[in-house]
Amino acid sequence: MPIEHKVLKVLKNNSRSTTVKATTINDPVYVRKECRKLAENCIDKQMEGFKRWGVSANWDSPYLTYDTKFVVEELKIIYKFFEAGLLFRGKLPVHYSPSSASVLADSEIEYRDLDCTAVYIGLLLTKLPKSWKTLMLAENSKINVVVWTTQAWTVPANAAIAFNPGLKYVLVSEENTEEIFLIEKSAKEHLEQKLKRRLNVFRDVQSNELEEVAYQLDFDGKGEKKLFAADFVTSETGTGFVHIAPSHGSEDFNLARENDISFQSAVDGSGKFNCPEISELHGQLAMGSGNEACIKKLENMGLILHKDRITHSYPCDWRTKEPVMTLLSQQWFIDVSKIIPDAVESLQNVNFVPANSKTSFVKMLIERSQWCISRQRDWGVPLPVFYDENDNVVLNNEILNHLISVFQDNGVDSWWNFDSEQLLPEVYQKKGLRKGSDILDVWFDSGSSWQTVLGSDETVANPKKVFYVEGRDQYRGWFQSSLLTCFAIKRQAPFTHLYAHGFVLDQSQNKMSKSVGNVVDPKAVVAKYGADTLRLWVALADTTDDIAYSERIMEKTATAYQKFRLILRVLSGNLYDFNSENSLSWHKMKPIDQYIIVKCNDNVKKYHEEMNQLSFHTAVHGLLNFAHDDVSTFYLSSIKDRLYCDHASSQTRRSAQSALLHVFKKLHSSLEPFVPYLCHEICQGFLFSEDDLYSDNSRDFKSDYLEIFELLKSVRSEVLTEVGNDLKVLEKCDICFYYLNTNVLSPLLSEACVREIIGCRTAKFRTGAHFQPSNIVEVSEICANSLKIGYDVNETFEKCPRCRLFLSDAIDQLCRRCSEVVHK
């Protein structure tokens, strides 16, 4: 409908000639042609955007709801509803949007606070209960039942008044007056404030007495009307009595049907009053000028006790933002009440994200009973029904199959291009049958997509994983229509996973909306930050809730992206002379290299666990923390000397490269779904196998190592703090480890390995009670042994011009290690 709405708006604005305007707007074939042009243009633009954002899909063969193939499958589905007796034609209250000139689905309704005129109406009782004969009433006394409404335009359709037997009702009046009001007891104080009168209770009223009461409303002059019990009446607002207009409310309609209350509508199918007998209202828009005219009419009749302007939550058309009315209309409906209980049961094996969304989804499901699936528009899938001269429905399998063949040969527009005779099988021609003019609800279109997307019956009957993702507003929309259509046909849900995301908020925490004008175009974001940064912004956010957008947030995301980029480039850059064949066996690797592989495997395992739970933001945050804290800040910083300064083919360097390759492959494959452009760029000209050499061996990593490595990280942090967080000073430090009892580190790690981890000049292990370091740092306990660190800043050595470590005996002189490497 949005496409047709926009096309009609353009046609109205562009056509100068009234005759041309009327001709084009009322020509369904022309309107459909223009709608198709607009749809194709929108599809091209959206597809271009999706491709630029790195979305993978079958772009060469997308499913389009106006394609003949899709329409044919949808017609088969709607016919199965007809065959099963679930599809019927009837006159029921439906949402009607005067601004869109169309019936609306529940999912197309949004509630907005609007100003309106609320009125208190007093209706004269013309028949009183026998038990009231004992009341000492003055000869001219009048008893009025008081009702309150914010929709005065519905009063001409009044057919009854409802009350709740569970509430307490009273007769009240002002002293020395002949006017008596019948209201709910707790409403007395509120009515006093409105009428500015002091009201006294002089009799309680029983619910069985209310059933004997009758009142007169002379809009139509059609005699007395009665009061009926209804549990939907409350005392929260109003007077405890509800004016019943069956043409304009589902509860009102059901009450009238249950109690055989006769009624009629004063409003026609276009939202205008159609009541020649009430000249003041006839022809006016009921929710426009007609509402004010109705209030004026009631005032002239002396029925309005009070009126005031209030702010009221009102159902509105989600496209035009204008109010909608409930209108009695002849439409096609699906009786979903017959399938909803079993459809709810089918959700037992569906994975909902967030988990509590299932409760909301089920609650909205069980609230439905009838689904109005007919629309009075041109752009859509035709409801494939024919009518005889008596307006009886004519549809069967033979007619449907013939119609499908016509569509397959001539396109869906043939429904509008051909007359009824051309659309019917020969045996049904020349029988005075006429084709219908309704199309199917767009939610039935989208709700049928599972049939086209999932393919054959065998595929649909045994899906592996079917993932539906949309905004949480689709609980009443696509999620619901998909479940109802699929379950009715297949007796199962169309999805195994249902992911409901939140909405994007602007920097003022308001929901982004085109109508409000606070939407940021993703194209602009991609132009400034790149598609990967846009994707990463979404990945780092908990999309099951609303997520905020601002330049500050995007700058932080860009920083996170640069961290990933830098780390991947450093990893791959140090593998230029290395491949999987050069990888060392696990037992030949240095402990720190084994450690980073174990940390990598643990983090990637957690990543996959979170991904399987569809907790994408948790998974990506875990990768970011691992990449930054463990890989960049700790590991790469620790091994840089060995990586850059040991001999190129040395086992120590190959050990580091073996670990780097493993970490790179794991990070690359994990990040690829989120930053595909970066991962593709990094891999240009870089070949590596997908073999995982260390998935099993890493289990042999000594459990004590993990505790020790975390301790050594703490040692590094403590000593660095002691030397004023100056890395250059730390590089000059000689560090000694002192244990009160037994040596713990030396059986596990070498002194060279510990030096590498801490980043100091040298590291030594010492035991014995007589050791007295110059500077002592209390660190922690390890393996139940107290640990002390002693350190000295050694100024006697010079910085090696090659490795930049303070290991040289003289200025500009290579250290012993570098000298050996250079000579080789």
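Please refer to the structure higher up on the page.
Residues numbered from 1 in each chain as written. Predicted model: local features only at pLDDT ≥ 70, side-chain atom pairs only at ≥ 80, totals over all residues. Heavy atoms only, no water.

(A) Representation of the overall build of the protein chain. Secondary structure assignment for the protein chain yields 28 helices and 28 strands. Whereas a compact globule of 824 residues would reach a radius of gyration of roughly 28 Å, the protein chain reaches 39 Å, over 25% beyond that. Considering only C-alpha atoms, the protein chain reaches an extent of 120 × 80 × 50 Å along its principal axes. Buried positions account for 50% of the 824 residues belonging to the protein chain. Here the protein chain has roughly 40300 Å² of accessible surface; of this, 47% comes from carbon and sulfur atoms. For the protein chain, the separation between the mean place of its 95 positive charges and that of its 109 negative charges on side chains is 3 Å. (Helix = DSSP H or I, 4+ residues; strand = E, 2+ residues; numbered from the N terminus. Rg over C-alpha atoms; globule rule 2.2 N^0.38 Å. Buried < 20%, exposed > 50% of the residue type's maximum accessible area, 1.4 Å probe, protein only. Areas by Shrake-Rupley, 256 points an atom, 1.4 Å probe, with all protein chains shown as cover. Lys, Arg positive; Asp, Glu negative; His and termini not counted. Charge placed at Lys NZ, Arg CZ, Asp CG, Glu CD.)

(B) Expanded view of the packing of aromatic side chains. Evaluated as defined, the whole model comprises 25 aromatic pairs. Ring centres of Phe253 and Phe263 lie 6.0 Å apart, and the angle between their planes is 80°; this geometry places the pair in the edge-to-face category. Residue Phe253 is located in helix α7 (residues 250-258), and its partner Phe263 is located in the loop between α7 and α8 (289-300); the two are separated by 10 residues in the primary sequence. Looking at Phe253, the relative accessible area reads 8%, which means it is buried. Seen in terms of ring centroids, Trp371 and Phe444 are 5.7 Å apart; in terms of plane orientation they differ by 45°. Their pairing is tilted. With Trp371 in strand β15 (residues 370-372) and Phe444 in helix α14 (residues 442-447), this residue pair connects regions lying 73 residues apart in the sequence. Judged by its relative accessible area of 0%, Phe444 is buried. Three or more aromatic residues joined by ring pairs form one cluster here, namely Phe352, Phe361, Tyr468, Tyr475, Trp478, Phe479 and Phe495. Above the plane of the ring of Phe634 lies Lys713, whose end atom (NZ or CZ) is 4.6 Å from the centre. (Phe/Tyr/Trp six-rings, centres within 6.5 Å; stacked < 30°, edge-to-face > 60°. Lys NZ or Arg CZ within 6 Å of the ring centre and 35° of its normal.)

(C) The arrangement of a nonpolar patch on the surface in detail. A contiguous nonpolar surface patch, about 220 Å² in accessible area, is contributed by Leu128, Leu137 and Phe202. Tracing the chain through its elements places Leu128 in the loop between β3 (109-127) and β4 (142-149). (Patch = residues over 30% accessible without salt bridge, like charges linked within 9 Å, V, L, I, M, F, W, Y side chains within 5 Å. Salt bridge = Lys/Arg side-chain N within 4 Å of Asp/Glu carboxyl O.)

(D) Looking closely at the side chain of Gln474. Looking at the element boundaries, Gln474 is found in the loop between β21 (467-471) and α17 (478-490). Gln474 gets classed as buried once you look at its relative accessible area, which sits at 9%. A distance of 2.9 Å separates a polar side-chain atom of Gln474 from the backbone nitrogen of Trp478. With sequence-adjacent residues up to four places away left out, Gln474 is seen in contact with Trp443, Phe479 and Gln480. (Polar contact = N/O pair within 3.5 Å; in protein donor to acceptor, adjacent residues only side chain to side chain. Contact = heavy atoms within 4.5 Å.)

(E) Quick look at the side chain of Asn164. Structurally, Asn164 is set in the loop between β5 (160-163) and β6 (169-174). At 2.9 Å, the side chain of Asn164 and the backbone nitrogen of Gly166 are in polar contact. In this structure Asn164 touches Tyr169, Ala230, Asp231 and Val233, once residues within four positions along its chain are discounted.

(F) How the structure looks around the packing of helix α4 (residues 68-83) against helix α11 (residues 397-410). At a minimum axis separation of 10 Å, α4 and α11 run at an interaxial angle of 170°. With respect to α11, the element α4 is oriented roughly antiparallel. Packed against α4, whose contacting residues are Thr68, Val71, Val72, Leu75, Lys76 and Tyr79, the element α11 presents Asn397, Leu400, Ile404, Phe407 and Gln408 at the interface. Looking at the contact of α4 with α11, its residues break down into seven nonpolar, three polar and one charged. (Axes fitted to C-alpha atoms, helices over the stretch in contact; angles between N-to-C directions. Parallel < 35°, antiparallel > 145°, perpendicular 65-115°, else oblique. Nonpolar A, V, L, I, M, F, W, Y, C, P; charged D, E, K, R; others polar.)

(G) Summary view of the nonpolar core. One finds Leu571, Tyr635, Leu667, Ile735, Phe737, Leu749 and Ile758 to be the most contacted residues of the largest nonpolar core, which totals 72 residues. Considering each element in turn, this core owes the most residues, 12 residues, to helix α22 (residues 616-645). Apart from residues lying up to four places away in sequence, Leu749 is in contact with Pro591, Tyr705, Ile708, Phe709, Leu712, Val754, Ile757 and Phe765. Of all hydrophobic cores here, the second largest spans 65 residues; its members include Ile78, Phe81, Phe361 and Tyr428. (Core = buried A, V, L, I, M, F, W, Y, C linked by side-chain atoms within 4.5 Å.)

(H) Quick peek at α8. Taking 1.5 Å per residue as the helical rise, α8 with its 12 residues ought to reach 16 Å, and the 17 Å between its terminal C-alpha atoms agrees with that figure. Among all positions in α8, only Gly290, Asn291, Ala293, Cys294, Ile295, Lys297 and Leu298 are buried. Where α8 is buried, its residues contact β3 and β12 (304-317). At the C-terminal side of α8, Gly302 shows a positive phi close to 75°. (Expected span 1.5 Å × (residues − 1).)

(I) Seen up close, the pairing of β5. Burial of β5 is two-sided: the residues Ala160 and Ala162 facing one way and the residues Ile161 and Phe163 facing the other way are all buried. By the bridge criterion, three bridges tie β5 to strand β11 (residues 242-244) in an arrangement that is antiparallel. Within β11, the position partnered with Ala162 by the bridge is Val242. Strand direction decides the pairing type here: β5 and strand β10 (residues 224-229), joined by three bridges, are parallel. Note that in β10 the partner of Ala162 across the bridge is Phe228. (Pairing = 2+ DSSP bridges.)

(J) Summary view of the sheet that holds strand β18 (residues 393-394). With respect to topology, three strands assemble into an open sheet ordered β18-β17-β19, the strand pairing being antiparallel. Each having just a single partner strand, β18 and β19 (434-435) make up the two edges of the open sheet.

(K) Up close: the packing of helix α18 (residues 522-529) against helix α20 (residues 551-573). Interaxial distance between α18 and α20 falls to 12 Å at its minimum, and their mutual angle equals 45°. Overall, the two elements α18 and α20 adopt an arrangement that is oblique. For the element pair α18 and α20, the recorded crossing hand is right-handed. From α18, Val525, Lys528 and Tyr529 reach across to α20, where they touch Glu551, Met554, Glu555 and Ala558. Considered class by class, the residues forming the contact of α18 with α20 number four nonpolar, no polar and three charged. (Left-handed = near helix turned anticlockwise from the far one by under 90°.)

(L) Examining the sheet that holds β15 more closely. Read across the open sheet, the four strands follow the order β2-β1-β13-β15; overall the sheet is antiparallel. At either end of the open sheet lies a strand with only one pairing partner, and these are β2 (102-104) and β15. Strand-to-strand twist across the sheet, computed as the mean angle between neighbouring axes with direction ignored, equals 65°. One ladder, built from three bridges, connects strand β1 (residues 87-97) with β2; its direction is antiparallel. Bridge pairing in β2 links Tyr96 to Val103.

(M) Summary view of the environment of Asp532. In this structure, Asp532 sits in helix α19 (residues 531-539). Note: C-alpha distance between Asp532 and Pro676 (144 residues apart in sequence) is 7.0 Å. There is a polar contact of 2.7 Å between the side chain of Asp532 and the backbone nitrogen of Leu678.

Function-wise, these values are silent; they only describe arrangement.
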